[in-house]
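Chain by chain, the residues:
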Amino acid sequence: MSQQPIQYAVDLIRTARNIVILTGAGVSKESGVPTFREAMHGLWAKYDPQQLATPYAFRANPQLVWDWYEWRRGLVREAQPNAGHIALAHLEHLHSGNVLTITQNVDDLHERAGTRSIIHLHGNIAQNKCFEACQGEPTQIDTIDLDDDGRPPHCPHCGGLVRPDVVWFGESLPVQAINQAIEASQFCDVMLVVGTSGLVNPAAQLPKLAAQNGATVIEINPDTTPITPIAKVKLNGTSGDLLPQMIAVLEA
Ligand code: APR
C-alpha cells in the first residue's frame, strides 16, 4: 500500500479530539480466533457458527453449544494479541484526545494488548450467566463446577442451565454498552472501523450514525463492506499490517 492513504488517515486522526475505534472479528483473526463467517476446521467443520450462536440452538442442544464455546474459549486462552491489537492500544496511549474502542469481539485481546478504554458490545466469552436470567439480566455466575464429563453446568440460584455471557443472534445487546456506544458514535470526529463485515446490527449502524453527525469514517478491511461507501478513507488490507504502519507514521 502506498503511504498516501495511510498519511491521509493519520492526518485525520492526529487532528481529531474524539476518536472511536470500532472493531470486529477480523482484528482477532490474525491471533488465530476464527471469524463467524469463515468455514471451521476439524471437529467443528460441519457446523455453521451462525446456527450455533443462538438461544434456540442452546435450548435444543445445550451440550453441543456448550462444547463449541469451550472450544472457542480454548482458542481465545491460547491466543496472543497481534500487531493490530498492539497498534490500537498504542493509539489510545499516544493520542492526546479521547480514544474509545467499541468492540464486537468477545475475547479480551484488546485489553491484553493494553487498551483501557473499551466497550464490549457482544459480551465476554470468559464469563458465564444463567440462561434463565433468574436474578435479572445478566445473572452472572463467577464460579462454576464443571462436571468431569464436561456437561453444561447448572445455575447455583435456580438450577437452570449456565451459558456463556455473550450476545447471541436474535438477542438484545447489553443496554448500558449500546447506549454508551451510540453516544460516543454521535460525538466523535473520527471513527476508525477495523475488521468488521458491517452486517450485524446494531453495531453496523454506528459508523452511519457517526457519519450522519459529521464524523469522518476510516475503514481497514481487505474486503468491501456495507461501510465502505460511507468511508472517506478505505485502507485495503489487514489490521496486523496496516495499523502498525499507521502508528509509525503517527509517531514520525
Ligand atoms: N484484518 C482486517 N479485517 C479482516 C481481516 C484482517 N486480518 N481478516 C478478515 N477481515 C475482515 C473480513 O473481510 C470481514 O469483513 O473482518 C470481517 C469479519 O467479519 P465477521 O466475521 O462478520 O465479523 P464481525 O463483523 O465482527 O461480526 C459481527 O457477528 O459473527 C457475529 O456476534 C458475532 O460479533 C460478531 C458479529
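Reference entry: report on the structure contained in this document. Bear in mind the structure is a predicted one, so any value in this text is a computation, not a measurement.

Quick notes on the rules
Residues numbered from 1 in each chain as written. Predicted model: local features only at pLDDT ≥ 70, side-chain atom pairs only at ≥ 80, totals over all residues. Heavy atoms only, no water. Helix = DSSP H or I, 4+ residues; strand = E, 2+ residues; numbered from the N terminus. Buried < 20%, exposed > 50% of the residue type's maximum accessible area, 1.4 Å probe, protein only. Contact = heavy atoms within 4.5 Å. Areas by Shrake-Rupley, 256 points an atom, 1.4 Å probe, with all protein chains shown as cover. Lys, Arg positive; Asp, Glu negative; His and termini not counted. Charge placed at Lys NZ, Arg CZ, Asp CG, Glu CD. Core = buried A, V, L, I, M, F, W, Y, C linked by side-chain atoms within 4.5 Å. Pairing = 2+ DSSP bridges. Axes fitted to C-alpha atoms, helices over the stretch in contact; angles between N-to-C directions. Polar contact = N/O pair within 3.5 Å; in protein donor to acceptor, adjacent residues only side chain to side chain. Phe/Tyr/Trp six-rings, centres within 6.5 Å; stacked < 30°, edge-to-face > 60°. Lys NZ or Arg CZ within 6 Å of the ring centre and 35° of its normal. Disulfide = S-S within 2.5 Å. Salt bridge = Lys/Arg side-chain N within 4 Å of Asp/Glu carboxyl O.

## Looking at the overall build of the protein
Phase 1: A count of helical and extended segments in the protein gives ten helices and nine strands.
Phase 2: Across its three principal axes, the protein shows a C-alpha extent of roughly 55 × 35 × 30 Å.
Phase 3: The burial tally for the protein puts 50% of its 252 residues in the buried class.
Phase 4: Across the protein, contacts joining residues at least 24 apart in sequence account for 68% of those joining residues at least 6 apart.
Phase 5: For the protein, the computed accessible surface area is about 11,900 Å², with 50% contributed by carbon and sulfur atoms.
Phase 6: Put simply, the protein has 17 plus and 26 minus side-chain charges, and the middle of one group is 4 Å from the middle of the other.

## Considering the nonpolar core
Phase 1: With 26 residues, the main nonpolar core has Leu192 and Met246 as its most contacted residues.
Phase 2: Listing elements by their share of this core, those giving two or more residues are α1 (3–15), β1 (18–23), α6 (83–94), β7 (190–194), β8 (216–220), β9 (233–235) and α10 (239–251).
Phase 3: One finds Leu100, Leu121, Met191 and Val193 within the second-largest nonpolar core, a separate group that totals 21 residues.

## Notes on the sheet that holds strand β2 (residues 98–103)
Sheet strands associate in pairs through backbone hydrogen bonding, adopting either a parallel or an antiparallel arrangement.
Phase 1: Spatial ordering of the open sheet is given by β3-β2-β1-β7-β8-β9, a layout of six strands whose pairing is parallel. The strands lining the two open edges of the sheet, one partner per strand, are β3 (118–120) and β9. On average, each strand axis in the sheet is tilted by 15 degrees relative to the strand beside it, whichever way the strands run.
Phase 2: The sheet contact formed by β8 and β9 spans three bridges and is parallel.

## Re the side chain of Thr23
Phase 1: Within the secondary structure, Thr23 is located in strand β1.
Phase 2: Classification of Thr23 by relative accessible area gives buried; the value is 0%.
Phase 3: Within the local environment of Thr23, its side chain forms a polar contact with the side chain of His110, the two groups lying 2.9 Å apart.
Phase 4: For Thr23, the residues in contact, after removing those within four places along its chain, are Leu88, Thr101, Ile102, Thr103, Gln104, Asn105, His110 and Val194.

## Quick notes on the packing of aromatic side chains
Phase 1: Scanning the entire structure with this criterion turns up six aromatic pairs.
Phase 2: With 4.8 Å between their ring centres and 70 degrees between their planes, Phe58 and Phe131 make a pair best called edge-to-face. One end of the pair, Phe58, is in helix α4 (residues 55–60); the other, Phe131, is in the loop between β4 (123–130) and β5 (140–141), with 73 residues separating them in the sequence.
Phase 3: Residue classification places Phe58 among the buried positions, given a relative accessible area of 1%.
Phase 4: Classification of Phe131 as buried rests on a relative accessible area of 14%.
Phase 5: For the pair Trp68 and Tyr69, a centre-to-centre distance of 5.0 Å together with 75 degrees between the ring planes defines the contact as edge-to-face. Exposure class is identical for Trp68 and Tyr69. Each is buried.
Phase 6: Over the face of the ring belonging to Trp66 we find Arg73, whose NZ or CZ atom lies 5.1 Å from the ring centre.
Phase 7: The positively charged end of Arg163 is found above the aromatic ring belonging to Trp168, 3.7 Å away from the centroid.

## Looking at the state of the cysteines
Phase 1: Counted by the stated rule, this structure contains zero disulfides.
Phase 2: No disulfide involves Cys130; its nearest neighbouring cysteine sulfur is the one of Cys158, lying 3.6 Å away.
Phase 3: What makes Cys130 buried here is its relative accessible area of 2%.
Phase 4: Looking at the unpaired Cys134, the closest cysteine sulfur is the one in Cys158, lying at 3.7 Å.

## Considering the pattern of salt bridges
Phase 1: The tally for this structure, following the rule as stated, stands at six salt bridges.
Phase 2: With its nearest N and O atoms 3.6 Å apart, the salt bridge here joins Arg14 to Asp11. Of this pair, Arg14 and Asp11 both sit in helix α1, three residues apart, roughly one helical turn.
Phase 3: Its relative accessible area of 34% is what places Asp11 among the partly exposed residues.
Phase 4: One salt bridge connects Arg163 with Glu171, and the closest N-O pair in it is separated by 2.7 Å.
Phase 5: Under the relative-accessibility criterion, Arg163 is labelled buried at 3%.
Phase 6: Taken together, the shared-partner salt bridges in this structure form one network comprising Lys129, Glu137 and Asp165.

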